[in-house]
Amino acid sequence: MEKFYIATAIDYVNAPPHIGHAYEKIASDVIYRHFKQRGVSSYFLTGTDEHGIKIQKSALDKGIDPQAFCDEIVEKFKNEWALLDVKYDRFIRTTEKDHENVVQHIFKTLFNKGDIYKASYTGLYCAGCECFLNERELDQNGFCPDHKAKPQEIMEENYFFRLSKYKNKIIEHIKANPRFIMPDYRVNEVLNQLKDIEDISVSRSKESVSWGIPVPDDESQVIYVWIDALSNYLTGVGYLNNDELFKKFWSANIHMIGKDILKFHSIYWIGILMAMEIELPETIYAHGWITVDQSKMSKSLGNVIAPNAILTAYQLESPDALRYFLMTTTPFGRDGNYSDEDFKNKVNADLANNLGNLLNRTLTMLVKYFDGNILPEAITSSENNNQADMTEKTVLSVIENFNDYEISNAAENIIKLVDNANKYVNEQAPWALAKEEETKLQCAQVLYNVLETLRQVSVLIYPFTPNISREMWVQLGQEDNLSDVLLSDLKWGGLKEGKITSAEQVKPVFLRMDSELAGDKKKK
Ligand code: MSP
């Protein structure tokens, strides 16, 4: 693989971000960091979707201009992503000038080609979805099933995109490319939706929506939000603006989006790209949704949780625990749930007890028995070495998991390796081996096996928990910059002889939440 381009959905700015938005951005950040660890030149795009009736209304309710309203909320998104260590290459806003140019260019090109035409239309518009729904999509009360609201009947003269022209080509593409829609259990849903796909409205009258990009050469219409939003994936990577960047990174290797907007990506977006004769993305990955205490987050239920609220409530110095929890709470792709109880239990078990304690007690023994030194005779070879073997297999399985974007499985495999190393220490009882002169070397070898395993674990788990990993790495006496270490560098024996640590340097890398120590820290 020569390059890797990952793009998230861009979030509506009618309200600040919650842990559902964060889920997608963290997953993308984890994948991005992993591909960088493969030495692949990678690009990560995220941003905000700022036009449309919903945002226009929210701004009006607050009595401010829509642009000022967007500017305010966008800062909240950027702050959250910074707090969560989500490190994108570009944050695109659909109100940016380069984007407006791209959207108008696409509109014009398709119009000139005859793929966009004007017609009058009567349809059912759901403001929540920012789209027209057909009768079959409504529930038995005639409501939008996602937003539990009655769509508005709208009669307008609009521009339409000839999506029906591309219907068969889209079906063929989906069938011929098993990695195009992932996870594969979502393919049938899209093929079913394709059965009754019609041409789609791509503009709204200016009277109904004024907050949008104007249709070129027709002042009475603005470009409909989905065309505007989807094209961000091109603008964000330099389309019409930075040829070098665009040539290098397009097409997207993965669009990371929620299951609710799969139709827009796998049908509408693909139709537009086909009409524009632009290369198609490799994968559209529809992830599941996060609920809170098993309920959908909603303003009316008052259960909308901002990521920063969790970090503050638990006085967490880094976002690692939350990142780790969200990425492992459910098999990636499926719906998941956040509860305080599950959060505490999971991170205490995996990060504090399993991972943190193992590092802490092994380094403590190294200090106690060998003054923090790795003896040259203690360095084990990888031959006939169970720990080395398991570590090597875990590196391979993590890579395989990431090939299929099975993020939660990757994390699970890493923790399994740690779990095994814990069992190994308990079986070998290095504290007993240290007592006798003739078994002292054996003790040093056991400690080496565990510490070398943990050195590799800190690299493997880095995309999930970058701060804890860095702390582990440093405590293991490693000097390179952890973010520059490649998976291909992970050869058994990387932990070299010499003094790697001292009593002052050994400290817990992650405190149990609600532990006395954590309590103490909170008080300070
Ligand atoms: N603006 C559109 C996307 C345009 S992409 C060209 C939109 N915005 S959104 O703010 O409603 O959602 C943004 C992303 O967050 C979507 O992928 C959506 O699925 C995801 N999520 C919103 N709530 C979520 C959860 N509760 N859980 C997981 N993801 C969720 O749709």
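These numbers come from a predicted model, not from an experiment.

Quick look at the overall build of the chain now. Looking only at helices and strands, the chain has 19 helices and 18 strands in total. When the backbone C-alpha atoms are referred to their principal axes, the chain occupies close to 90 × 45 × 40 Å. Across the 524 residues that make up the chain, the buried fraction comes to 58%. The long-range fraction of contacts in the chain, counting pairs at least 24 apart against all pairs at least 6 apart in sequence, stands at 77%. A total accessible area of about 22,600 Å² is found for the chain, and carbon and sulfur atoms account for 48% of it. For the chain, the separation between the mean place of its 58 positive charges and that of its 76 negative charges on side chains is 1 Å.

What follows concerns the site of the ligand. Within the structure, the ligand sits among 24 residues, and Ile10, Glu24, Asp49, Asp260 and Ile290 are positioned closest to it. In the environment of the ligand, a nitrogen atom lies 2.7 Å from a nitrogen or oxygen atom belonging to the side chain of Asp49. Between an oxygen atom of the ligand and a side-chain N or O atom of Asp260, the distance comes to 2.6 Å. Of all the secondary structure elements, the ones that give two or more residues to the shell around the ligand are β2 (11-12), α1 (19-37), α7 (225-230), α8 (232-235) and β13 (254-258). Considering only residue class, the shell around the ligand consists of twelve nonpolar, eight polar and four charged.

Glancing now at the side chain of Asn158. Tracing the sequence through the fold places Asn158 in strand β7 (residues 152-161). Overall, the relative accessible area of 0% leaves Asn158 in the buried class. A distance of 2.8 Å separates the side chain of Asn158 from the side chain of Glu156, its partner in a polar contact. In terms of polar contacts, Asn158 uses its side chain to reach the backbone carbonyl oxygen of Ser203, at 3.3 Å.

Time to look at the side chain of Thr328. With respect to the helices and strands, the residue Thr328 is situated in helix α12 (residues 320-328). You can call Thr328 buried: its relative accessible area is 15%. Filtering out sequence-adjacent residues up to four positions away, Thr328 remains in contact with Lys346, Ser408 and Ala411.

Attention now moves to the sheet that holds strand β11 (residues 214-215). A sheet is described by the order of its strands in space; here three strands give the open sequence β10-β12-β11, paired in antiparallel fashion. Unpaired on one side and paired on the other, β10 (203-205) and β11 mark the two borders of the sheet.

In this section: the pattern of salt bridges. Between side chains of opposite charge, pairing is possible as soon as their charged atoms come close. Applying the stated criterion across every chain yields a total of 28 salt bridges. Arg323 serves as the salt-bridge partner of Asp29, at 2.7 Å between the closest nitrogen and oxygen. Separated by 294 residues along the polypeptide, Asp29 in helix α1 and Arg323 in helix α12 bring together distant segments of the chain. Taken individually, Asp29 and Arg323 each receive the classification buried, so the pair is uniform in this respect. One salt bridge connects Glu189 with Arg186, and the closest N-O pair in it is separated by 4.0 Å.

Note that the residue after Met182, namely Pro183, is joined by a cis bond; omega there is -10°. Checked against the element boundaries, Pro183 lands in the loop between β8 (181-182) and α6 (187-195). Note that the residue after Trp250, namely Ser251, is joined by a cis bond; omega there is 10°. Along the chain, Ser251 turns up in the loop between α9 (243-249) and β13. Non-glycine residue Gln315 carries a positive phi angle of around 50°.

Here the focus is the pairing of strand β5 (residues 116-126). Pairing analysis gives ten bridges linking β5 to β7, with the strands arranged antiparallel. Opposite Ile116, over in β7, you have Phe161 as the bridge partner. Bridge analysis of β5 against strand β6 (residues 131-133) gives three bridges, and the strand direction is antiparallel. Its bridge partner being in β6, Leu124 is matched across the sheet by Leu133. Hairpin connection between β5 and β6: a loop of four residues separates the two successive antiparallel strands, and Glu130 in this loop has a positive phi of roughly 55°.

Overall, the coordinates contain zero disulfides when judged by the stated rule. Free of any disulfide, Cys126 has its nearest neighbouring cysteine sulfur in Cys129, separated by 3.7 Å. Taking the relative accessible area as the measure of exposure, Cys126 reaches 3% and is therefore buried.

Further remarks concern the nonpolar core. In terms of nonpolar packing, the biggest core is built from 184 residues, with Tyr5, Phe161, Tyr233, Trp250, Tyr338, Phe343 and Phe464 touching the most fellow members. It is helix α13 (residues 340-370) that provides the largest number of residues to this core, a total of 13 residues. Excluding residues that lie within four positions of it along the chain, Tyr5 makes contacts with Tyr43, Leu45, Tyr233, Val237, Phe249, Trp250, Ser251, Ala252, Asn253 and Ile254.

Next up on the list: the domain arrangement of the chain. Considered domain by domain, the chain is made up of domain 1 (3-309) and domain 2 (340-523). The C-alpha-based centres of domain 1 and domain 2 are spaced at 41 Å. Facing 18 residues of domain 1, the contacting portion of domain 2 comprises 16 residues. Taken together, both faces of the contact between domain 1 and domain 2 bury some 1,600 Å²; the carbon and sulfur share is 59%. It is Val30, Arg33 and Gln37 in domain 1 that bury the most area against domain 2; as a group they hold 39% of the surface buried on that side. Inspection of the region where domain 1 meets domain 2 yields one salt bridge. Two residues, Arg179 and Asp404, come together in a salt bridge whose shortest N-O distance is 3.1 Å. If you look at where domain 1 meets domain 2, you find eight residue pairs in polar contact (both at pLDDT 80 or more).

What counts, and at which threshold
- Residues numbered from 1 in each chain as written.
- Predicted model: local features only at pLDDT ≥ 70, side-chain atom pairs only at ≥ 80, totals over all residues.
- Heavy atoms only, no water.
- Helix = DSSP H or I, 4+ residues; strand = E, 2+ residues; numbered from the N terminus.
- Buried < 20%, exposed > 50% of the residue type's maximum accessible area, 1.4 Å probe, protein only.
- Contact = heavy atoms within 4.5 Å.
- Areas by Shrake-Rupley, 256 points an atom, 1.4 Å probe, with all protein chains shown as cover.
- Lys, Arg positive; Asp, Glu negative; His and termini not counted.
- Charge placed at Lys NZ, Arg CZ, Asp CG, Glu CD.
- Near = heavy atom within 4 Å.
- Polar contact = N/O pair within 3.5 Å; in protein donor to acceptor, adjacent residues only side chain to side chain.
- Nonpolar A, V, L, I, M, F, W, Y, C, P; charged D, E, K, R; others polar.
- Pairing = 2+ DSSP bridges.
- Salt bridge = Lys/Arg side-chain N within 4 Å of Asp/Glu carboxyl O.
- Disulfide = S-S within 2.5 Å.
- Core = buried A, V, L, I, M, F, W, Y, C linked by side-chain atoms within 4.5 Å.
- Domains from an automatic or database assignment.
- Buried area = accessible area lost by both parts, 1.4 Å probe.

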